[in-house]
Amino acid sequence: MSLPPGLSQGQFDNALSEFRTAVGNDWVFTIDEHIAMYKDYFSPLQNTEAQPIPSAAVAPDSVEELKVVLRVANDYQIPLWTISTGKNYGYGGPDSRVNGSVIVDLKRMNRILELNEEHAYALVEPGVSTYDLWREIRRRGYRLWTDGPSPAYASIIGNTLERGAGYGLLGERAAAQCGMEVVLANGDVMRTGMGANSNAETWQQYKYGLGPYVDGMFSQSNLGIVTKMGIWLIPEPPAFRSAEVYVSGHEDIIPMIDTLRPLRLSNVIANSATASTNQGGHIEGAQGPGGGAGGGPNVDGGHAPGLPGWRARLGFYGYDRVVEANWEQVQDEFASAIPSATFHSSRFAAPYNPDEMLTESKLAAGIPSFQEAPIWNHGGTFVSMVMPFTGADYWDFLQTYDGLYQEYGMRYMGGPLHFHAPRSLMTLAGVPLSSTDNAVNERAMALCENLIRVSGEKGWSEYRTPLVFMDNAMESFDFNDHALRRFHETLKDTLDPNGILSPGKNGVWPQRLREERA
Amino acid sequence: MRKLILKMLFSVLALSSFNLLAQEDITAQGEEVYMARCEYCHGEGLQKGGTIMLHRRYGDSKPAVLHQRTDLLPEYIRNIVRTNTPGMTPVRITEVNEKELDALILFLTRNNP
Ligand SMILES: Cc1cc2nc3c(=O)[nH]c(=O)nc-3n(C[C@H](O)[C@H](O)[C@H](O)COP(=O)(O)OP(=O)(O)OC[C@H]3O[C@@H](n4cnc5c(N)ncnc54)[C@H](O)[C@@H]3O)c2cc1C
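As the structure is a computational prediction, the values presented were derived from the model and not from experiment.

What counts and what doesn't
- The residue numbers shown here count from 1 along each chain, following its written sequence.
- Both sets of labels track the order of writing: A upward for chains, 1 upward for ligands.
- At least 70 in pLDDT is required for a residue's local features to be given in this predicted model, at least 80 for side-chain atom pairs to be given and counted, and no such filter applies to totals for whole chains, interfaces and linings, which use all residues.
- Where side-chain values are given, they derive from all heavy atoms of the structure, hydrogens and water being excluded.
- A score from 0 to 100, pLDDT tells how confident the predictor is in each residue.
- Here, residues are in contact when the closest pair of their heavy atoms is within 4.5 Å.
- In this text, near means that some heavy atom of the residue lies within 4 Å of the molecule or strand in question.
- The term polar contact refers here to a pair of N or O atoms within 3.5 Å; inside protein, the definition further demands a hydrogen-donor-capable atom paired with an acceptor-capable atom, and it admits residues adjacent in sequence only when both atoms are side-chain atoms.
- For accessible areas, the Shrake-Rupley method is used with a probe of radius 1.4 Å. Any residue's cover is judged against the shown protein chains and nothing else.
- Lys, Arg, Asp and Glu make up the charged group, whereas Ala, Val, Leu, Ile, Met, Phe, Trp, Tyr, Cys and Pro make up the nonpolar group; the residues left over, Gly among them, are polar.
- Note that domain bounds follow an automatic or database assignment of domains.
- Here the buried area means the combined drop in accessible surface, using a 1.4 Å probe, for two parts upon being joined, counting both sides.
- Salt bridges, as used here, are contacts in which a Lys or Arg side-chain nitrogen is within 4 Å of a carboxyl oxygen on Asp or Glu.
- Residues enter patches when they are more than 30% accessible in relative terms and free of salt bridges; like-charged ones are connected within 9 Å and nonpolar ones (Val, Leu, Ile, Met, Phe, Trp, Tyr) within 5 Å.
- Think of it this way: any DSSP run of H or I at least four residues long counts as a helix, any run of E at least two long counts as a strand, and we number them from the N terminus.

(A) Quick peek at the confidence of the model for chain A. This prediction gives chain A a mean pLDDT of 92; 93% of its residues lie at or above 70. The low-confidence segment residues 280-304 of chain A, where pLDDT is below 50, has 63 contacts with residues more than four positions distant or belonging to other chains.

(B) The site of the ligand, seen in detail. Residues and elements named next belong to chain A. Neighbouring the ligand are 33 residues; Ser84, Thr85, Lys87, Tyr167 and Arg464 lie closest to it. Contact between the ligand and Glu162: an oxygen atom at 3.3 Å from a side-chain N or O atom of the residue. Here an oxygen atom of the ligand sits 2.5 Å away from a polar atom, N or O, in the side chain of Arg464. The protein chains hide 96% of the 960 Å² of surface that the ligand would expose on its own. In terms of residue class, the shell around the ligand is made up of 17 nonpolar, eleven polar and five charged.

(C) How the structure looks around the domain arrangement of chain B. Residue and element names in this part refer to chain B. Domain annotation for chain B reports domain 1 (40-69) and domain 2 (72-113). For domain 1 and domain 2, the distance between their C-alpha centroids amounts to 16 Å. With five residues of domain 1 at the contact, the number on the domain 2 side is seven residues. For the pair domain 1 and domain 2, the summed buried surface comes to about 490 Å²; carbon and sulfur atoms form 56% of the total. Contact with domain 2 buries area across many residues of domain 1, yet Leu66, His67 and Arg69 alone supply 83% of it, more than any other trio. Taken together, the links from domain 1 to domain 2 amount to zero salt bridges. For the pair domain 1 and domain 2, the number of links is one residue pair in polar contact (both at pLDDT 80 or more).

(D) The arrangement of a nonpolar patch on the surface in detail. Together, Tyr206, Tyr208 and Tyr213 of chain A give the surface a local cluster of nonpolar side chains, amounting to about 320 Å² of exposed area. Its location among the elements puts Tyr208 of chain A in the loop between β9 (189-191) and β10 (224-232).

Spelled out as structure tokens, the structure:
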């Protein structure tokens, strides 16, 4: 069992008994069997001494209980790490960065506080998953759609705070957030936006309130614990067409991206479209984490017969005639740019039956599914870059990455591309890990560090990064000798002087632990 | 033997439960937990991660859909749920608590011979 840094067993036992008083005996976990459930099984550090092991996990059921947990952590200077559902696999799962941290598991706070059909929003607690919300909407028979990541069990709050990617009309998850309640390190409870008016009538309808807009400070951050969040939903469209464009040449990705850009910018393609290689497009053909099916990364160990072509997945929503006109126009644009392009699509209309849809259509319709689970048999780690939305830039990326992968005995044929933030490309490179062979994981670490460093030099930085690479990834945001990181640290030291909240999150360390930076 | 384990499990549940719920009620509760926390990976349709993998593992020799199985033992289920297995990360006590897991197990073993 590990201890929080600087604490004796006796001090920690006292802290644990105070945690138990706060949340109840059943909700403080310390035995190995329970701690093992808070381990990241996708970590490149798995099976090594370097992987941080939590000293305990504490699961409050209310803001009041959480405030006591924070008070105790401040009293004993215990580093905490907050998770909502702790399914951040590929980016660190439920794990922390400091050995001996206490995990604050918010899954028990799982109430849907409000579900509003007229104004299309929900107000949720951290433990509510996309799937929980989707089920509740169906149970009530509301004509609303959700959006979110493919893992159905993911927390709306966790995923939105990580600025995750969905697939429908609100796929840029951070942009669909409206209003939050935050508990600060000192236990103060704050509401943002219109919610700062205690009589607020539009907390979930207008984001900004008056004065500086602070919600962003709590995403991908260690400045507070978010306990409530407003999330926008999509009024059910009368018609929906789920569509795919296929190109057969590997280099066809260049005109494919350049054709997508103006369509996405002008909102003719209004959803968070994606593209990926067409190889292993069917789950049955997937080969471990390198198979490249579904949303998984496409790392090829060399079993590919030739270089793959590509497939873009699009969605069209709204009144029937508009849906059809947009899809026809999109086909015309592709046919003139890439004469060999082929098309496939399926039309659906309200009332929708999820059982009639394949996974790709479900995702674009915000129906949670988790087809990819099996690809990740041995886990994998993600490198996720943001880059300019042009075919030439992406081609440069592909050549650069494939070159680096080859140095480590692998190939990179292109992972899924996300167009959720409509004016940039987000690229996903997956690196397979092994649950038994540490040499594989060391090699994966070295490759990822190289990918991040070389990308930084090219002007690409990550939109989100696994725990182990957080310091590396923040390093590439270096303008004016890391002025941005200094700003983050100033806020951190002011708002959390004991440095108890998620130290090291995205490379931001509190004064007390700053020498931990890699 | 299985029947016996089931009966023992049931009596533990029944004793611990304040209202002495009927076995059918607990099984129904277990089904509700299954629908909320397992079905999207293990239900019918070849697009669900668990069903895909179990189909690959068993072919036609066993049902790929978890709730159609009649050979799962309580301790086996408990172990799979709480520990990491390839394709299925641990389901924590905050997601499915001990009482819910007992009910879930009763549901998944309801048709065992
Ligand atoms: C096969 C596969 C497919 C995936 N597909 C997608 C995808 O399509 N889109 C996508 O976006 N991601 C995807 N992911 C990544 C990841 O699984 C999801 O993003 C998932 O939503 C994150 O887990 P979570 O919601 O449980 O967040 P958590 O693990 O609960 O939280 C993530 C992080 O957010 C912070 N945090 C959480 N809660 C709070 C809080 N209340 N207050 C303050 N900070 C908090 C913490 O730093 C925490 O570490 C995929 C992963 C895999 C393995």
